[in-house]
Amino acid sequence: MGVRIHNFTGFARSWHQQYITIAVRRLRLSSVDSDIGSKFSQFVKAAMGKRYKWTPTMHFRRKTVHSDDDQRTYMCSELAAKSYKVMGLLRSDVPSSTYLPGSFQDSSGLIFLAGARLDPELKIDFQK
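Quick caveat: nothing in here was measured; it's all calculated off a predicted structure.

A. Structural view of the pattern of salt bridges. Tallied over the entire structure, the rule returns five salt bridges. In this structure, the salt-bridge partner of D106 is R25, at a minimum N-O distance of 2.8 Å. With D106 in the loop between α3 (76–86) and β5 (117–118) and R25 in the loop between β1 (21–24) and β2 (27–28), the pair connects residues that are 81 residues apart, well separated along the chain. Measuring nitrogen to oxygen at the nearest pair gives 2.9 Å for the salt bridge that ties E121 to K123. Judged by relative accessible area, which is 25%, E121 ranks as partly exposed. K123 gets classed as exposed once you look at its relative accessible area, which sits at 57%. One salt-bridge network, held together by shared partners, links R28, R117 and D119.

B. Structural view of the packing of aromatic side chains. Here the structure, examined in full by the defined rule, presents seven aromatic pairs. Pairing Y84 with F104 gives two aromatic rings, centres 5.9 Å apart and planes at 55°, and the pair type is tilted. A residue pair is termed long-range when its members are at least 10 positions apart, and Y84 in helix α3 and F104 in the loop between α3 and β5 qualify at 20 residues. Given the relative accessible area of 13%, F104 is considered buried. With a centroid separation of 5.1 Å and 85° between ring planes, the pair formed by Y84 and F112 is classed as edge-to-face. In this pair, Y84 is assigned in helix α3 and F112 in the loop between α3 and β5, connecting sequence segments 28 residues apart. Classification of F112 as buried rests on a relative accessible area of 11%.

C. Region of interest: the layout of surface pockets. Of the pockets and cavities examined, the largest pocket occupies roughly 1900 Å³. Looking at the lining of the largest pocket, the elements with two or more residues in it are α1 (8–13), β1, α2 (36–47), β3 (51–52) and α3. Broken down by element, the residue count for the lining of the largest pocket peaks at six residues, all from α3. When its residues are assigned to classes, the lining of the largest pocket shows 27 nonpolar, eight polar and five charged.

D. Layout of the environment of S103. With respect to the helices and strands, the residue S103 is situated in the loop between α3 and β5. With a relative accessible area of 18%, S103 lands in the buried category. Through-space distance from the C-alpha of S103 to that of A81 is 9.2 Å; in sequence the pair is 22 residues apart. Beyond its immediate sequence surroundings of up to four residues, S103 is in contact with T98, S108 and L110.

E. Up close: α3. Here α3 has its buried residues at S77, E78, A81, K82, S83, Y84 and K85. Along its buried surface, α3 packs onto β2, α2, β4 (73–74) and β5. G88 sits one or two positions beyond α3 and adopts a positive phi of about 80°.

F. Spotlight on the packing of α2 against α3. Where α2 contacts α3, the two axes come as close as 9 Å, and the packing angle between them is 145°. Here the hand of the crossing between α2 and α3 comes out right-handed. Here K39, F40, F43 and A47 of α2 come into contact with α3, specifically with L79, K82, S83 and V86. In terms of residue class, the contact of α2 with α3 is built from five nonpolar, one polar and two charged.

Criteria and thresholds
- Residues numbered from 1 in each chain as written.
- Predicted model: local features only at pLDDT ≥ 70, side-chain atom pairs only at ≥ 80, totals over all residues.
- Heavy atoms only, no water.
- Salt bridge = Lys/Arg side-chain N within 4 Å of Asp/Glu carboxyl O.
- Helix = DSSP H or I, 4+ residues; strand = E, 2+ residues; numbered from the N terminus.
- Buried < 20%, exposed > 50% of the residue type's maximum accessible area, 1.4 Å probe, protein only.
- Phe/Tyr/Trp six-rings, centres within 6.5 Å; stacked < 30°, edge-to-face > 60°.
- 1 Å grid on protein atoms, 1.4 Å probe; cavity = no way out; pocket = protein on both sides within 12 Å on 5 of 7 lines; lining within 4 Å.
- Points joined across faces, edges and corners; volume = space filled by probe spheres on them.
- Nonpolar A, V, L, I, M, F, W, Y, C, P; charged D, E, K, R; others polar.
- Contact = heavy atoms within 4.5 Å.
- Axes fitted to C-alpha atoms, helices over the stretch in contact; angles between N-to-C directions.
- Left-handed = near helix turned anticlockwise from the far one by under 90°.

Structure representation (structure tokens):
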């Protein structure tokens, strides 16, 4: 299936059945670069339809694979990291593949650029 956009209502209707809880973190920007929205939109367009893939060796990849490469694949946290990098919010010299899901937890200490930050985790429990 690969990279797709789903709204939260659709997720809550059926996809959530494979999870007990999820954590949501809102991105906060201290100042907004006038191009940040268009950079993000261009990235989303380029990433749509790219396949999901993860292998242990991907985590050690040290070179960037460009979004417009037809063979480009993403792991969940790699996709998030790449979107933040495209917007100038994470260091460009750190490969997106080195970010793991835990990299975005409250306790990870991840430092964003340009004064950006993630709100504390909001846990959503689907069993209640």
